[in-house]
Amino acid sequence: MSLTDTVGKCAAIATIGTFFAPVLICRDIIKNKSTKNVDPTPFVGGMAMSILMIKNGLLMNDPNIIPVNIFGFILNLIYFLVFYFFTADSKPLFSMLTKATLFTGVLWGYSTIEDEKLIEYRFGVILTVLMLTLIGAPLFSLNDIIKNKDASMLPFPMIASGTFVGFLWLIYGLLIDNIFIKVQNIVSVILCLIQLGLIFKYPKPESKKT
């Protein structure tokens, strides 16, 4: 097995591992019987991104991408169902799901009619923007985090595991010289490191020293 295949397999396995990070979040939801202060965007976005990444894997003919994202979709669906079961108001949740479903359907449809010579590049650009938006979404609350000196809204397990996996996929992208995998993971690692910095600078109020 070549170095590229080895790194690709390791990145795929590590990615599967990160899919289990929300289990800790779901555990708290079940324990508290509430979704208060829990954002469902990672679950809904995770399902949508998994579907689109499956399509991207088909376009790239990359065996490391497809099975990982099939598994990711199944797990994110489970997390979504846990959130749905314990949420007090499901209307915003299903509104978000409907929008994500329509958007994903449009992009999948676009990928079937675009010129075969252009689709891999253009679809890669779209996925890069979407992925980085999803990863950086928690930073939209940056003002509130700094103002309240509380970063507890940031999902530490998902961010920490995402940083590690981002490094692995970055190495893989460098080995196969794929510009999208390189850009996606350089920026995602930076975004994750910024969020980790906020978590350590502004820990949960109960964990702060008195």
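What counts and what doesn't
- Residues numbered from 1 in each chain as written.
- Predicted model: local features only at pLDDT ≥ 70, side-chain atom pairs only at ≥ 80, totals over all residues.
- Heavy atoms only, no water.
- UniProt positions renumbered as here; feature names shortened; annotations may be inferred.
- Helix = DSSP H or I, 4+ residues; strand = E, 2+ residues; numbered from the N terminus.
- 1 Å grid on protein atoms, 1.4 Å probe; cavity = no way out; pocket = protein on both sides within 12 Å on 5 of 7 lines; lining within 4 Å.
- Points joined across faces, edges and corners; volume = space filled by probe spheres on them.
- Nonpolar A, V, L, I, M, F, W, Y, C, P; charged D, E, K, R; others polar.
- Core = buried A, V, L, I, M, F, W, Y, C linked by side-chain atoms within 4.5 Å.
- Buried < 20%, exposed > 50% of the residue type's maximum accessible area, 1.4 Å probe, protein only.
- Contact = heavy atoms within 4.5 Å.
- Expected span 1.5 Å × (residues − 1).
- Arc of directions from axis to C-beta.
- Phe/Tyr/Trp six-rings, centres within 6.5 Å; stacked < 30°, edge-to-face > 60°.

An unreviewed UniProt entry annotates the chain as Sugar transporter SWEET1 of Acyrthosiphon pisum.

**Structural notes on the UniProt feature "transmembrane region" (unreviewed entry) in the chain**
UniProt records the feature "transmembrane region" (unreviewed entry) for residues 12–30, 42–59, 65–86, 93–111, 123–142, 154–175 and 181–200 in the present numbering. Within residues 154–175, the helical portion is 91% and the strand portion 0%, while the C-alpha atoms at the span's ends are 32 Å from each other. Annotated as residues 181–200, this span is 100% helix and 0% strand, and its ends, taken at the C-alpha atoms, are 28 Å apart.

**Here we look at the layout of surface pockets**
Of the voids in this model, the second largest pocket is the one considered here, and its volume is about 350 Å³. Lining the second largest pocket are 16 residues; nearest its centre among them are Thr 41, Gly 45, Ala 48, Leu 130 and Leu 134. Of all the elements in the fold, those that place two or more residues in the lining of the second largest pocket are helix H3 (41–60), helix H5 (91–113) and helix H6 (116–136). With six residues, H3 is the single largest residue contributor to the lining of the second largest pocket. A breakdown of the residues in the lining of the second largest pocket according to their chemical character gives eleven nonpolar, four polar and one charged.

**So, the nonpolar core**
Counting 18 residues, the largest nonpolar core has Met 49, Leu 52, Met 53, Phe 123, Leu 127, Trp 169 and Tyr 172 as its most contacted members. Contributions of two or more residues to this core are made by helix H1 (3–18), H3, H6 and helix H8 (156–176). Not counting residues within four places of it along the chain, the set of residues in contact with Phe 123 comprises Leu 52, Lys 55, Asn 56, Leu 59, Leu 107 and Ser 111. If you look at the next biggest cluster of nonpolar residues, it comprises 17 residues, including Cys 26, Phe 43, Leu 93 and Ala 100.

**Some details on helix H4 (residues 66–86)**
Look at H4: 31 Å from first C-alpha to last across 21 residues, which is about the 30 Å you get at 1.5 Å a residue. Inspection of H4 places Val 68, Asn 69, Gly 72, Leu 75, Asn 76, Tyr 79, Phe 80, Val 82 and Phe 83 among the buried residues, and these make up the whole buried set. What you see down the axis of H4 is that its buried residues fit within an arc of 155°, all on one side. Contacts made by the buried residues of H4 are with H1, helix H2 (22–32), H3 and H5.

**A look at the packing of aromatic side chains**
Across all of its chains, the model carries eight aromatic pairs by this definition. Judged by centre distance (5.4 Å) and plane angle (80°), the rings of Trp 169 and Tyr 172 are edge-to-face. Separated by three residues within a single helix, Trp 169 and Tyr 172 lie in helix H8, roughly one turn from each other. Taken individually, Trp 169 and Tyr 172 each receive the classification buried, so the pair is uniform in this respect. One aromatic cluster is present, formed by Phe 43, Tyr 79 and Phe 83 through successive ring pairs.

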